[in-house]
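What follows is the residue order along each chain.
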Amino acid sequence: MSLCFSVVIQINNSSFAKSTLDMGISDEEWERLQKALDWPGPDQQITQLDLSTNPVHSTFSIVELKNSYKVGDSISIVITARDHNKNLKTYGGDFFQAKLFNSKLKASVYGEVVDHRNGTYSVVLLLPWEGQAQVFVRLEHSSEVVQILKKYRESSFPRSHYNGHFEGPGTKNTRISEVVECNLKWGAERSLRKGKCCCEYKDIKTGTEWQCERPKKLSCNKLVGHSMGRFESPLNRFENQLFSKKVTNVAITGDKTSINVLPNTEGIGTTERCRSGLTTPVPAGFYLKDVWKSFVCSAQQFNSTQMGNCLKNKIVYMLGDSTTRQWFEYLEKNVPDLKRMDLHTPRTGGPLMAVELKNNIIIHWRPHGVPLRFSKLLITNLHYISNDIDEIAGDSHAVVVFTFFAHRVFHPLAFYVHEVAKIRQSVVALLSRAPQTTVIIKSGNTAGRKNIFQSDWYTMQLNTVMQEMFRDINGVIYLDVWQMTSCHYLRENIHPGPVIVANEVKTFLSYVCPA
């Protein structure tokens, strides 16, 4: 008999444990995930702000800068982290973001930061366009902040709260409404810390448990609605200092020299047909004149007519959050004669459906199940992604695309692994019964907030989990929008700007209708 590992977390004298069996994965897979997610940190407890990484004193430099380069060449950058006293850091773990850009050309490319765990970092940046280019590096979070993010991610402290809306009959033909706090039940015996606890709701297929404070007048079976609730910060005074705007998401100084890139007759790029089974390189592509040029496969620039032709006789199931709703809205506006049906649901909350009768196009969008930070929705309309996939027959006419990141950054990593394992199980079953089905995972994107609630570091870690857990699943396409959002010139937002969404959708369609 094999023994399951247990994930044991101790925060503020509140502990919980979850085994790999609870998560629905093997011991070996959990070990592999831990290696992929490994992130260094301080080699001692930091209790003074001046010992943390300071973006003002941290710098970057270009290694052996030349007078000119050719398209397809690369440059190397070294980042040196220093604290507030200008001392060199002796350990890694800082969360830097790097890119190459040209504002006039509306060009940019992502660079992956390599942590040498000694206070220095390196980046290799591809030079993919002709003309000038500059390097940009920012410190999103110090290593000290990342340790705090890790600590509270695994804590039973509920950073995000939710509301349950109960409705039922009262006396003399009246209706009673009550709103109470709700939250995920995972690990901790009681994540709801006040009130008369609890009404509990367990999804039979996924095993996910939801709980609400018990209403004063209505019974537990009168839960009809769900909405976002308040945020609650666990940070103490010192931790808040580490998150301050002066040291969070700040550009660092470095070599601002314009790099001269000459044309190259050999060219760069790929002619590989877009399909499943392709790896995502770094960089996965680049922007030039606001058009994303993919290095994964030969992505196309669809016009409206071509979009309609691509989706002819297709049923597209979009599952997840409001970023896939942005895709739905883009297609709604750009595919000729595609019209939204009135399903008598909230315009932004869904579920939504659009149809085009001439070419027999049907597009669905549905938000995933709780936890979910949306305006009030009917609880019956919130389905877990794995359950929805189980209801899809599939085949060559069916396209399933899902994203599952933004609303899971508030909750323990083990819970996320549990949910991804359920989704994977459903995807494998779908591809087994209908192998011609197109299945696409849209990664999480960078966001505007850089705090204890919605840090990009959280999303990046969840992206890693999703990639690792679907790495060996044949027939699944992973679309990396992280790189597409992190290197663009638009201000980062949980809802990417129209230019980015257009490029995301056209890349998505390149897999649906490969050249």
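Named according to an unreviewed UniProt entry, the protein is NXPE family member 3-like originating from Sinocyclocheilus grahami. Recorded under Sequence similarities (unreviewed entry), the UniProt text for the protein is reproduced unchanged: "Belongs to the NXPE family."

Colleague: Before we go on, may I ask you to explain the nonpolar core in this structure?
Modeller: Note on soluble globular proteins: their nonpolar side chains tend to be buried together. If you look at the biggest cluster of nonpolar residues, it comprises 111 residues, and the most contacted ones within it are Met318, Leu331, Phe402, Met466, Phe470 and Phe508. Beyond its immediate chain neighbours, meaning those up to four positions away, Phe508 contacts Val316, Met318, Trp327, Val399, Val401, Ile440 and Leu479. Ala98, Ala107, Leu126 and Trp129 belong to the second-largest nonpolar core, a separate cluster that totals 28 residues.

Colleague: In this structure, what is going on with the sheet that holds strand β25 (residues 377-378)? I would like to understand it.
Modeller: Picture the strands of a sheet paired through backbone hydrogen bonds; they go either parallel or antiparallel. Read across the sheet, six strands follow the order β13-β14-β12-β11-β15-β25 without closing on themselves; strand pairing throughout is antiparallel. At either end of the open sheet lies a strand with only one pairing partner, and these are β13 (197-202) and β25. In terms of strand pairing, β13 meets strand β14 (residues 209-213) through five bridges, oriented antiparallel. Looking at the pairing, Cys197 lines up with Glu213 of β14.

Colleague: Sorry if this is basic, but what is going on with the pattern of salt bridges here?
Modeller: The full count for this structure, using the stated rule, is 25 salt bridges. A salt bridge links Glu144 to Lys89, with the shortest nitrogen-to-oxygen separation between them at 3.0 Å. Taken together, the residues Glu144 in helix α3 (residues 143-153) and Lys89 in the loop between β5 (74-80) and β6 (95-102) connect sequence positions 55 residues apart. The exposure class assigned to Glu144 is buried, which follows from its relative accessible area of 3%. Notably, a salt bridge pairs Glu167 with Lys376, separated by 3.3 Å at the nearest N-O pair. With Glu167 in strand β11 (residues 160-169) and Lys376 in the loop between β24 (361-367) and β25, this pair connects stretches of sequence that are 209 residues apart. Through salt bridges that share partners, Glu29, Arg32, Arg424, Glu468 and Arg471 make up one connected network.

Colleague: Would you explain the UniProt feature "domain: NXPE C-terminal" (unreviewed entry) in the protein in this entry?
Modeller: UniProt feature "domain: NXPE C-terminal" (unreviewed entry): in the numbering of this structure it lies at residues 292-513. Within residues 292-513, the helical portion is 37% and the strand portion 18%, while the C-alpha atoms at the span's ends are 17 Å from each other.

Colleague: Help me understand the confidence of the model for the protein in this model?
Modeller: Segments scoring low in pLDDT should not have their predicted coordinates read at a detailed level. For the protein, per-residue confidence averages 92 on the pLDDT scale, and residues scoring 70 or more make up 95% of the total. Low pLDDT, under 50, characterises residues 1-16; the predicted model gives this stretch 36 contacts beyond four residues in sequence or across chains.

Colleague: Teacher, can you tell me more about the pairing of β5 here?
Modeller: Two faces, one strand: in a regular strand the side chains alternate between the faces of the sheet. Relative to β5, strand β3 (residues 59-62) is paired through four bridges, and the arrangement is antiparallel. In the strand pairing of β5, Phe60 is matched with Ile79. One ladder, built from seven bridges, connects β5 with strand β9 (residues 120-126); its direction is antiparallel. By the bridge assignment for β9, Val78 is matched with Ser122.

Colleague: Mind showing me how you'd approach the state of the cysteines here?
Modeller: Joining two cysteines, a disulfide is a covalent bond between their sulfur atoms. For the coordinates displayed, the defined rule picks out four disulfides. Residue pairing for Cys199: its cysteine sulfur links by disulfide to Cys220, the two sulfurs lying 1.9 Å apart. A torsion of -75° about the S-S bond marks the disulfide between Cys199 and Cys220 as left-handed. Placement of the pair is Cys199 in strand β13 and Cys220 in the loop between β14 and β15 (223-231), with a sequence separation of 21 residues. Both residues of the pair, Cys199 and Cys220, belong to the buried class. Across the disulfide, Cys310 is cross-linked to Cys513 (sulfur-sulfur distance 2.0 Å). Here the S-S torsion is close to 100°, and the disulfide linking Cys310 with Cys513 is therefore right-handed. Of this pair, Cys310 sits in helix α5 (residues 304-310) while Cys513 sits in the segment after α11 (498-512), and the two are 203 residues apart along the sequence. For the pair formed by Cys310 and Cys513, the shared burial category is buried. Looking at Cys487, it has no disulfide partner, and the nearest cysteine sulfur is the one in Cys297, 16 Å off. Looking at Cys487, the relative accessible area reads 1%, which means it is buried.

Parameters and conventions
Residues numbered from 1 in each chain as written. Predicted model: local features only at pLDDT ≥ 70, side-chain atom pairs only at ≥ 80, totals over all residues. Heavy atoms only, no water. UniProt positions renumbered as here; feature names shortened; annotations may be inferred. Core = buried A, V, L, I, M, F, W, Y, C linked by side-chain atoms within 4.5 Å. Buried < 20%, exposed > 50% of the residue type's maximum accessible area, 1.4 Å probe, protein only. Contact = heavy atoms within 4.5 Å. Pairing = 2+ DSSP bridges. Helix = DSSP H or I, 4+ residues; strand = E, 2+ residues; numbered from the N terminus. Salt bridge = Lys/Arg side-chain N within 4 Å of Asp/Glu carboxyl O. pLDDT = per-residue confidence, 0-100. Disulfide = S-S within 2.5 Å.

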